[in-house]
Amino acid sequence: VLTVLGILFLGIALLLSHFMSKRAMIPIRRSFQRQREFVADASHELRTPLSILQSSLDVLEMEEGEQLSAVGRTVLDNMKDEVRRMTKLVSDLLTLARSDSGPPDLQCEYADVVPAVQQMIRSTQTVAASKKITLRLDAPATVMVYGDHERIKQLLYILLDNAIKYTPSGGDITVTLSVDNTANPPSMCLTVRDTGIGIPPEEQDRIFDRFYRVDKNRSKQMGGTGLGLAIAKWIVEAHHGTITVTSSPGLGSSFTVKLPLHSPKA
Ligand code: ADP
């Protein structure tokens, strides 16, 4: 009888603590939810004044640009850089706040990803060339993938932008696209390899965290927000894929994205 009573008592105690801890979690969950809504609302509200600032600076440059003194020109250029940086930060924050607040909002279709990759290569080619960086693409004629191709472009842009930022002048960047039909599930494999500064082994796990930067000053100088790879990881996970990095300091980095070719429901 004592053993049965003991088991009964233990069972009730376990049940009680389970419900109590669930109840205790409610205010914490609500507070997280409020925090997420606050970040989303604040980012949204900041977009309008920032775009007004941006267009006011453009007008100032157009109307008064020629007459500006050297100091005036430096001040104007600094203001334009900071407004650009803040606009990017606000848009990155908004993307992440939205990603936190529910299932990913993806516009998926089964389409060839090669034109999207080529488009991203073309749009980053000029910046790469200005740093005398060679940008190459190695891809088959077509790779059919089920996914949100705008988000896939955004993901590739983040990886290319980083590769260009963290590769010194004269370096090489190679983008390789292939299909792995033997993987489970069959996947597309996208690699962005650079010959840049590399990432120390102990930092490689953390670079996908929000606001994590190996060298804060360098990243800031390059116009980085520390949110790019967190967004890249979110896009990859929303597609049920993986993103990994291999890197050697001083030699370069290689980011590999694997995304399933077909819809999970197929
Ligand atoms: P950031 O806006 O600072 O570039 P990211 O989230 O895109 O932020 O990247 C996080 C950090 O990872 C960067 O600050 C940089 O230290 C490191 N990193 C990312 N990509 C590369 C790369 N290709 N080569 C070297 N370091 C990189």
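Source: prediction; values computed, not measured.

Draft legend 1. View of the overall build of the chain. Per the secondary structure count, the chain includes 6 helices and 7 strands. Counted from the first residue to the last, the chain has its helices and strands arranged as α-α-β-α-β-β-α-β-β-α-α-β-β. For 266 residues, the compact-globule estimate of 2.2 N^0.38 gives 18 Å, and the C-alpha radius of gyration of the chain, at 24 Å, exceeds that figure by more than 25%. Dimensions along the principal axes, computed over C-alpha positions, put the chain at roughly 95 × 50 × 40 Å. When the accessible surface of the chain is split by element, carbon and sulfur atoms take 59% of a total near 16300 Å². The distance from the centre of the 30 positive side-chain charges to the centre of the 29 negative ones in the chain is 6 Å.

Draft legend 2. Up close: the pattern of salt bridges. In total, this model carries 11 salt bridges according to the counting rule given. The salt bridge partner of Arg 73 is Glu 61, with a shortest N-O separation of 2.9 Å. Pair noted here: Arg 73 is in helix 2 (residues 70-100) and Glu 61 is in helix 1 (residues 2-64), with a separation of 12 residues, a long-range link. For Arg 73, a relative accessible area of 27% translates into the label partly exposed. The class of Glu 61 is partly exposed, set by a relative accessible area of 24%. Linking Glu 150 and Lys 153 is a salt bridge whose minimum nitrogen-to-oxygen distance equals 3.1 Å.

Draft legend 3. Summary view of the pairing of strand 7 (residues 252-260). In terms of burial, strand 7 is largely enclosed, as 8 of its 9 residues are buried. In this sheet, strand 7 lies alongside strand 5 (residues 187-194) in antiparallel orientation, the contact comprising 7 bridges. The partner of Val 192 across the bridge, within strand 7, is Phe 255.

Draft legend 4. Representation of the site of the ligand in the model. Neighbouring the ligand are 21 residues; Asn 162, Tyr 166, Ser 219, Thr 225 and Leu 229 lie closest to it. Separating a nitrogen atom of the ligand from a side-chain N or O atom of Asp 194 is a distance of 2.9 Å. Within the backbone of Gly 226, a nitrogen or oxygen atom sits 2.9 Å from an oxygen atom of the ligand. Elements represented by at least two residues in the shell around the ligand include exactly helix 4 (149-165), helix 6 (228-238) and strand 7.

Draft legend 5. Broad picture of the environment of Gly 250. Of note, Gly 250 is situated in the loop between strand 6 (242-248) and strand 7. By relative accessible area, Gly 250 is classed as exposed at 57%. Those residues within four positions of Gly 250 in sequence are excluded, and the remaining contacts are Gly 196, Ile 197 and Gly 198.

Draft legend 6. Spotlight on the UniProt feature "domain: Histidine kinase" (unreviewed entry) in the chain. The feature "domain: Histidine kinase" (unreviewed entry), as annotated in UniProt, sits at residues 41-263 in this numbering. From the first C-alpha to the last, residues 41-263 spans 32 Å; its make-up is 48% helix and 21% strand.

Draft legend 7. Up close: helix 2. The end-to-end C-alpha distance of helix 2 is 45 Å, a good match for the 45 Å that 31 residues give at a rise of 1.5 Å each. For helix 2, the secondary structure elements touched by its buried residues are helix 1, helix 4 and helix 6. Positive backbone phi, approximately 160 degrees, marks Gly 102, located one or two places after helix 2.

Draft legend 8. A look at the sheet that holds strand 2 (residues 134-138). The 5 strands lie next to each other as 2-4-5-7-6, forming an open sheet whose pairing is mixed. Two strands lie at the open edges of the sheet, namely strand 2 and strand 6, each paired on one side alone. The average angle at which neighbouring strand axes cross in this sheet is 15 degrees, direction not considered. Relative to strand 4 (residues 172-180), strand 2 runs parallel, the two being bridged by 5 bridges. Paired with Thr 134 across the bridge in strand 4 is Asp 172. In the packing of helix 4 onto the sheet, the strands contacted are strand 2, strand 4, strand 5, strand 6 and strand 7, and the crossing angle to strand 5 comes to about 20 degrees. Docked against the sheet, helix 6 engages strand 6 and strand 7, running at close to 140 degrees with respect to strand 6.

Cut-offs and rules
Residues numbered from 1 in each chain as written. Predicted model: local features only at pLDDT ≥ 70, side-chain atom pairs only at ≥ 80, totals over all residues. Heavy atoms only, no water. Helix = DSSP H or I, 4+ residues; strand = E, 2+ residues; numbered from the N terminus. Rg over C-alpha atoms; globule rule 2.2 N^0.38 Å. Areas by Shrake-Rupley, 256 points an atom, 1.4 Å probe, with all protein chains shown as cover. Lys, Arg positive; Asp, Glu negative; His and termini not counted. Charge placed at Lys NZ, Arg CZ, Asp CG, Glu CD. Salt bridge = Lys/Arg side-chain N within 4 Å of Asp/Glu carboxyl O. Buried < 20%, exposed > 50% of the residue type's maximum accessible area, 1.4 Å probe, protein only. Pairing = 2+ DSSP bridges. Near = heavy atom within 4 Å. Polar contact = N/O pair within 3.5 Å; in protein donor to acceptor, adjacent residues only side chain to side chain. Contact = heavy atoms within 4.5 Å. UniProt positions renumbered as here; feature names shortened; annotations may be inferred. Expected span 1.5 Å × (residues − 1). Axes fitted to C-alpha atoms, helices over the stretch in contact; angles between N-to-C directions.

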